[in-house]
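Residue strings, one per chain:
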Amino acid sequence: MSLETVRKVVTAGFSISIGAAMFGIFFGAGNEQLKSYALTIAIVSLLFTMAVIMKWARCPWCGGSLLRGFFKNKVCPHCKRDLTTGKKKKGHGGRGRK
Ligand SMILES: [Zn+2]
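Keep in mind the model is a prediction, meaning the values are calculated, not measured. (Residues numbered from 1 in each chain as written. Predicted model: local features only at pLDDT ≥ 70, side-chain atom pairs only at ≥ 80, totals over all residues. Heavy atoms only, no water.)

**Description of the overall build of the chain**
No. 1: Scanning the chain from N- to C-terminus turns up two helices and zero strands.
No. 2: On C-alpha atoms alone, the chain measures out to a radius of gyration of 19 Å, which is more than a quarter above the 13 Å that the 2.2 N^0.38 rule sets for 98 residues.
No. 3: Along the first, second and third principal axes, the C-alpha set of the chain runs to 75 × 20 × 15 Å.
No. 4: Every one of the 98 residues in the chain was classed for burial, and the buried ones make up 26%.
No. 5: Carbon and sulfur atoms make up 64% of the accessible area of the chain, which amounts to about 7,500 Å² in all. (Helix = DSSP H or I, 4+ residues; strand = E, 2+ residues; numbered from the N terminus. Rg over C-alpha atoms; globule rule 2.2 N^0.38 Å. Buried < 20%, exposed > 50% of the residue type's maximum accessible area, 1.4 Å probe, protein only. Areas by Shrake-Rupley, 256 points an atom, 1.4 Å probe, with all protein chains shown as cover.)

Below you can see the structure in the form of structure tokens.
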């Protein structure tokens, strides 16, 4: 699964979870069954999202965790490789000796 897909899944998962929780709070007042149903959806999608993050929010090159700045990182904070292309950031000339 590509990081782009993971980001989309995580965004959708959080949206569903928050949406279901809101639904339960606003429309579930006085209706215990509807409320518990909405909250179950919220918790399940939240757990699902967490599982996706735990499993796939990693650098494809070094396996380092990308929990920090997951949505904005373009370069891995561990190995400094571009998360989509795998190329090292330009600038420092690597370890080559003259
Ligand atoms: Zn990395």
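**What about the coordination of the zinc ion?**
No. 1: Donor atoms from the polypeptide that bind the zinc ion are Cys59 (SG), Cys62 (SG), Cys76 (SG) and Cys79 (SG), placed at 2.3 Å.
No. 2: Each donor residue of the zinc ion belongs to the same chain, and together they define the spacing C-x2-C-x13-C-x2-C. Of the two residues, Cys59 is situated in the segment after α2 (32-56) and Cys76 in the segment after α2; the sequence distance between them amounts to 17 residues.
No. 3: With a relative accessible area of 4%, Cys59 lands in the buried category. (Donors = N, O, S within 2.8 Å, 3.2 Å for Na, K, Ca; no water.)

**Observations concerning the side chain of Arg7**
No. 1: Tracing the backbone through its elements, the reader meets Arg7 in helix α1 (residues 3-27).
No. 2: Once you skip the residues sitting within four places of it in the chain, Arg7 turns out to touch Phe70, Phe71, Lys72, Asn73 and Leu83. (Contact = heavy atoms within 4.5 Å.)

**Notes on α2**
No. 1: Its 25 residues give α2 an end-to-end C-alpha distance of 36 Å, which sits within 8% of 36 Å, the value for a rise of 1.5 Å per residue.
No. 2: Within α2, burial applies to Ala38, Ala42, Ser45, Thr49, Val52 and Ile53.
No. 3: Close packing links the buried residues of α2 with α1. (Expected span 1.5 Å × (residues − 1).)

**With respect to the packing of aromatic side chains**
No. 1: For the structure on display, the rule yields two aromatic pairs.
No. 2: For the ring pair Phe23 and Phe27, a centre distance of 5.0 Å and an interplane angle of 35° mean the geometry is tilted. Of this pair, Phe23 and Phe27 both sit in helix α1, separated by four residues, roughly a single helical turn.
No. 3: Using a relative accessible area of 55% as the deciding quantity, one classes Phe27 as exposed.
No. 4: A ring pair is formed by Phe70 and Phe71, whose centres lie 5.0 Å apart and whose planes are at 70°; its orientation type is edge-to-face.
No. 5: You can call Phe70 buried: its relative accessible area is 7%. (Phe/Tyr/Trp six-rings, centres within 6.5 Å; stacked < 30°, edge-to-face > 60°.)

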